[in-house]
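# Examination of the molecular architecture
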Amino acid sequence: MNKKVGVVIGGSGLIGGTIVNYYKTVHADTIDIRAPSSKKLSLREEDDIRRYMIEVNPHFIINAAMANLGSDGQLAYEVNYRGPVNLARAAAGLGVPLIHMTSAATLPPGKNLTEQDTLSLRPNLSNYAKSKLMAEKSLHLMARTGSLDYSCVRLAIVYGAHDHKIQGFHRLLFSVADESMPVLFTKKNTLHSYTNAKKLPYLVHHMLEHREEFSGQTFNFVDRQPVDLSALILEIKSFLNLNLPKKIYVPFWFATSGKKTLEIMLRLFRRVGLKANLPPELIFLDSFYKSQTLSITKLEKSSFVDPYPWETIHTMLPELIYYYLSRWTRENLITTYKDKLDHEKSVEDIFDQDPQRLLDLVHAQGLNAYSDLSEN
Ligand SMILES: NC(=O)c1ccc[n+]([C@@H]2O[C@H](COP(=O)([O-])OP(=O)(O)OC[C@H]3O[C@@H](n4cnc5c(N)ncnc54)[C@H](OP(=O)(O)O)[C@@H]3O)[C@@H](O)[C@H]2O)c1
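Residues numbered from 1 in each chain as written. Predicted model: local features only at pLDDT ≥ 70, side-chain atom pairs only at ≥ 80, totals over all residues. Heavy atoms only, no water.

### Looking at unusual backbone geometry
For the bond running from Leu-244 to Pro-245, omega is -5 degrees, close enough to zero to count as cis. Among the secondary structure elements, Pro-245 is positioned in the loop between helix H8 (229–240) and helix H9 (252–271). A positive phi angle, close to 60 degrees, is found at Asn-189, a residue other than glycine. With relative accessibility at 58%, the residue Asn-189 sits in the exposed group. (Helix = DSSP H or I, 4+ residues; strand = E, 2+ residues; numbered from the N terminus. Buried < 20%, exposed > 50% of the residue type's maximum accessible area, 1.4 Å probe, protein only.)

This is the structure in C-alpha cells:
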C-alpha cells in the first residue's frame, strides 16, 4: 500500500516531537511522517519551504514550530507569522490540509473563553502573542477566501515529556524542584487551563481524517477542569517533600516592581557589553495573577473523543516529576535528587515502608467515579 506523506515543522520540539512519535508508533503502516530540522527547512526562508514541499509533495502539513519565547520582534515575526503564512501558501498550492498550532497567548484573561474571544491586534502585545495572533488572522482569511484548507488548534499551558527547552509548566516544575521559588508569585484562586501533549496527536489525526467537519475551524484544546496555580505548586512541593516555596502570596505590585528592577539592571549590564536577558517566562508574569480558562464546548460538540478522559495534570504529576527529575539530574541541571533517584524504591518497598506516601499519591491522582462508565 502507498503510504501518505505528512510533514511536521518543529518536529524536534515538545509538541512536534510528540506528534512525530505518535505517527511513527501508531500509524507507521499507513503514514510516512517527515520532520525536517530547522536547518533543512527554516520557516524564515521562503525558498526552503517551496523547495522542500516540491521535493516531498506531502499529503498534509502540520506546523508546530515557534521562535523562542524571548525572541526579538524580527525573529518572532519571521518564524511565528511570515513562516506559517508561507507554509499555508504552500499547502494551498499543493491542495493539502495544514494543521496549525496556536496559543492561549492570543486570548485575554478571563474564564471559559471561546475560540472567538481573541485579543485585538495592538502594538503593545508581546512579540509572541502578536505574531501568533497575526498568523491566526491571516490563515483564517486565506480559508475564508477559499484558498486554504486548514485547522487551527489553540493550546494553553502544555505538559508532557520531551520539553528540551524547559518552558511553561516544566519551568515551573524546575523552579519548585530546584527550590529557587521561595514564595508564591501568584494570588489565591488563580485558575488556568492546561493541555496534555500526549492527547494532541489524536486530535490532529482525527482532524486530518474528517476535513469537512474541521476545515477552516479553530478549536481550543485543553483539559476539561482548570487548575489552581498555587494549589498545583503546593502539590509539587508536597510530592517532593520540600520546605519551599512558603505559602506566602507575593502581591502583584511587588512582583512587577522586582521585574522592573531586574530590567533596569540588565539594561545596565548590556551597556557594558554583557549579554543578559530577562527569563522568558517573565513575559507571562501578569498571567500568574490573572485567571485564564478556555472553553472546550466546541470541541466536545465535535466528533472527536478524548482518548484518555481520566488524565489530567494531577494524575500525570508523579510520572512527569520522575521523568524530568531523572532527566535534569542526568544533565546536571539539578543535583538535589541524585541519591533519591539512584535509589528509587519500588512500589513494593514504598508499600512496605511508607504507605502514607502511596495513599497521598493515589488521592492526588483522583478518586472520582469514572465519568465515562456512568455516562454509559
Ligand atoms: N509549550 C507550550 O506550553 C505551548 C503553549 C501554547 C502553545 N504552544 C504552541 O505549540 C507549538 C509548539 O510549541 P513547543 O512548545 O513544542 O515549542 P518548542 O519545544 O520550543 O519547539 C519549537 C520548534 O520550532 C522549531 N523552529 C524554531 N525556529 C524554526 C525555524 N526558523 N524554522 C523551522 N522550525 C523552527 C524548533 O526547531 P529547532 O530546535 O531545530 O530550532 C523546534 O522544533 C507552537 O505553535 C506554540 O505556540 C506551546
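### Focus: the nonpolar core
Counting residues in hydrophobic clusters, the biggest one holds 35 residues, and the most contacted among them are Ile-15, Tyr-23, Ile-62 and Met-101. Taken together, the elements giving at least two residues each to this core come down to helix H1 (14–26), strand E2 (31–34), strand E3 (60–63), strand E4 (98–103), strand E6 (150–155), helix H6 (200–209) and strand E10 (217–221). The greatest single-element share of this core, amounting to 6 residues, is contributed by H1. Not counting residues within four places of it along the chain, the set of residues in contact with Tyr-23 comprises Ala-28, Ile-31, Ile-33, Phe-60, Ile-62, Val-204, His-205 and Leu-208. (Core = buried A, V, L, I, M, F, W, Y, C linked by side-chain atoms within 4.5 Å. Contact = heavy atoms within 4.5 Å.)

### Considerations on the pattern of salt bridges
What the rule picks out here adds up to 12 salt bridges. Between Arg-89 and Glu-46 there is a salt bridge, with the nearest N and O atoms lying 3.9 Å from each other. Of the two residues, Arg-89 is situated in helix H3 (residues 73–94) and Glu-46 in helix H2 (residues 46–56); the sequence distance between them amounts to 43 residues. Residue classification places Arg-89 among the partly exposed residues on the basis of a relative accessible area of 47%. A relative accessible area of 35% places Glu-46 in the partly exposed class. The shortest N-O distance in the salt bridge between Arg-327 and Glu-331 comes to 3.4 Å. Counted as one network, the salt bridges with shared partners bring together Lys-199, Asp-223 and Asp-306. (Salt bridge = Lys/Arg side-chain N within 4 Å of Asp/Glu carboxyl O.)

### Notes on the site of the ligand
For the ligand, the set of nearby residues contains 25 residues, the closest of which are Ser-12, Ile-15, Ser-38, Tyr-128 and Lys-132. One nitrogen or oxygen atom from the main chain of Leu-43 is found 2.8 Å from a nitrogen atom belonging to the ligand. Calculation on the ligand without its partners gives an accessible area of 900 Å², and the protein chains cover 86% of this total. Listed by contribution, the elements that provide at least two residues to the shell around the ligand are H1, E4 and helix H4 (127–144). Take the shell around the ligand: its biggest share by element is 3 residues, from E4. Across the shell around the ligand, the residue classes tally to 13 nonpolar, 9 polar and 3 charged. (Near = heavy atom within 4 Å. Polar contact = N/O pair within 3.5 Å; in protein donor to acceptor, adjacent residues only side chain to side chain. Areas by Shrake-Rupley, 256 points an atom, 1.4 Å probe, with all protein chains shown as cover. Nonpolar A, V, L, I, M, F, W, Y, C, P; charged D, E, K, R; others polar.)

### Thoughts on the pairing of E6
Extensive coverage of E6 is indicated by the burial of 6 of its 6 residues. Going residue by residue along E6, you find Tyr-150, Cys-152 and Arg-154 tucked away on one face and Ser-151, Val-153 and Leu-155 tucked away on the opposite face as well. Two elements, E4 and E6, share 6 bridges in a ladder whose sense is parallel. In the strand pairing of E6, Leu-98 is matched with Tyr-150. Bridge count between E6 and E10: 5 bridges; the pairing is parallel. Looking at the pairing, Ser-151 lines up with Gln-217 of E10. (Pairing = 2+ DSSP bridges.)

### Side note on the pairing of E4
Burial analysis of E4 places 6 of its 6 residues in the buried class, the great majority of the element. In E4, alternate side chains face the same way, and those of Leu-98, His-100 and Thr-102 on one face and Ile-99, Met-101 and Ser-103 on the other are all buried. Two elements, E3 and E4, share 3 bridges in a ladder whose sense is parallel. Directly across from Ile-61, in E4, lies its bridge partner Leu-98. Following the chain from E3 across H3 to the adjacent parallel E4, one finds a crossover that is right-handed. (Right-handed = clockwise from strand over helix to strand, strands pointing away.)

### Some points on the UniProt feature "domain: NAD-dependent epimerase/dehydratase" (unreviewed entry) in the protein chain
According to UniProt, the positions carrying the feature "domain: NAD-dependent epimerase/dehydratase" (unreviewed entry) are residues 7–220. The distance separating the terminal C-alpha atoms of residues 7–220 is 23 Å; by composition the span is 41% helix and 18% strand. (UniProt positions renumbered as here; feature names shortened; annotations may be inferred.)

### Description of the side chain of Glu-78
Within the secondary structure layout, Glu-78 lies in helix H3. On the basis of relative accessible area, Glu-78 is assigned to the buried category, the value being 16%. Dropping the residues within four chain positions of it, Glu-78 is found in contact with Leu-43, Arg-44 and Gly-83.

### Observations concerning helix H12 (residues 313–330)
Side chains that are three or four residues apart share a direction in an α-helix, a result of its 3.6 residues per turn. Between the first and last C-alpha of H12 there are 24 Å, a value that for 18 residues agrees with the 26 Å anticipated at 1.5 Å per step. Maximum bend of H12: about 35 degrees, positioned at Glu-319. Of all 18 residues making up H12, 13 are buried, and the element is well covered by its neighbours. Between a side-chain oxygen at the N-terminus of H12 and the backbone nitrogen of His-314 the separation is 3.1 Å; the capping residue is Thr-312. (Expected span 1.5 Å × (residues − 1). Bend = angle between axes of the 7 residues up to and from the residue.)

### Concerning H2
Along H2, the residues that are buried comprise Asp-48, Ile-49, Tyr-52, Met-53 and Val-56. Across the axial projection of H2, the buried residues extend over an arc of 115 degrees, all falling on one side. Exposed and oriented more than 90 degrees from the buried face of H2 are Asp-47, Arg-50, Ile-54 and Glu-55. Directly beyond the C-terminal end of H2, a positive phi value near 45 degrees is found at Asn-57. (Arc of directions from axis to C-beta.)

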